[in-house]
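Okay, here's what each chain looks like letter by letter:
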Amino acid sequence: MRTLVHLSDLHFGRVDPELLDPLRDLVHKIAPTVVVVSGDLTQRAKSEQFEEAKAWLDTLPGPQIIVPGNHDISLYNVFRRFVLPLDRYKRYITDDLDPVYIDEEVAVLGVNTARSLTIKDGRVNKEQVAKIRETLAGLPKEVVRVVVTHHPFELPEGCTEEDDLVDRAHMAMDAFAESGVDLLMAGHLHKSHAGNTMARYKISEYAALVVQAGTATSTRGRGEVNSFNVIRTEPSRIEVDRYGWDSVHKQFQLLATEKFIRSGNIWAEVNEGMLAAGI
């Protein structure tokens, strides 16, 4: 089993500082195999915001797979936005925009979907998809394959803006099916969600699990408490724990656990009948 802590949308510059120490302490207690941060480390891509984000991330355990979000590109500085869109991200956080972690049980691939030509939308390109194919090719079947982006491939319930989905998603999903990608992790919407890709992407005998993280530390909650995910992976079973901030007791509490199993190349949630059967 491998354990992934999934943080997203930190938004340094608009963080609630009360959450930082309890979140750090809990992440250390969980002792994850990998810490995943799916974008929007800052609110406005300012140097001091990246410095604050980096200082806090350095207090968390490693290894870490971090990808940028649209807020990590300067919004108002036109020169920096179009000529040096992720210069500060690369200077303060990491110059690896498509990071990779692989061991004998899990492969976690980060993919940069942030683009300077749009305010909030994101996209993947053919070169990134080709790199995913190449990286996953030849891995043993039992290795759980994970792709991390800021922009999501599926929308949580109640979200209807199709523009929030990553552009060229169908092209990428075809490649994910061929490469046996199991799990897609994202942020961007400040909404928690777990499900599969079957309804949106009609790919024969394939459905990946999608896990969306809310905002871990930002004051921009959009109606949901600050939250993060803990994902435990096995070759044919994945559990998703969602932790949410308890403002009364000043700590993150376990709110829900969702369980998914894989049949062939289709991931689906464990239903009540399966639970009764002890699956």
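Residues numbered from 1 in each chain as written. Predicted model: local features only at pLDDT ≥ 70, side-chain atom pairs only at ≥ 80, totals over all residues. Heavy atoms only, no water.

This next bit is on the environment of Ser192. Mapped onto the elements, Ser192 comes out in the loop between strand 7 (183-186) and strand 8 (193-196). Note on Ser192: relative accessible area 17%, which makes it buried. Along the sequence, Ser192 and Thr3 sit 189 residues apart, while their C-alpha atoms lie 18 Å from each other. Those residues in contact with Ser192, other than ones at most four positions away along the chain, are Pro156, Gln212, Gly214, Glu224, Ser227 and Arg242. A polar contact of 2.7 Å, which involves the side chain of Ser192, links it to the side chain of Glu224. Here Ser227 takes part through its side chain, which lies 3.2 Å from a polar atom of the side chain of Ser192. (Helix = DSSP H or I, 4+ residues; strand = E, 2+ residues; numbered from the N terminus. Buried < 20%, exposed > 50% of the residue type's maximum accessible area, 1.4 Å probe, protein only. Contact = heavy atoms within 4.5 Å. Polar contact = N/O pair within 3.5 Å; in protein donor to acceptor, adjacent residues only side chain to side chain.)

Soluble globular proteins: nonpolar side chains tend toward being buried together. Within the largest apolar cluster, 34 residues are counted, with the highest numbers of intra-cluster contacts made by Leu7, Leu10, Leu41, Trp56 and Phe228. Listing elements by their share of this core, those giving two or more residues are strand 1 (2-7), helix 1 (20-30), strand 2 (34-38), helix 2 (47-57), helix 4 (87-92), strand 10 (227-234) and strand 11 (237-246). With 5 residues, the single largest contributor to this core is helix 1. Here Leu7 is in contact with Leu23, Val35, Val36, Val37, Ser38, Trp56, Leu60, Ala216 and Phe228, once residues within four sequence places are set aside. Counting 22 residues, the second-largest nonpolar core is a separate cluster that includes Ala107, Val129, Ala175 and Val210. (Core = buried A, V, L, I, M, F, W, Y, C linked by side-chain atoms within 4.5 Å.)

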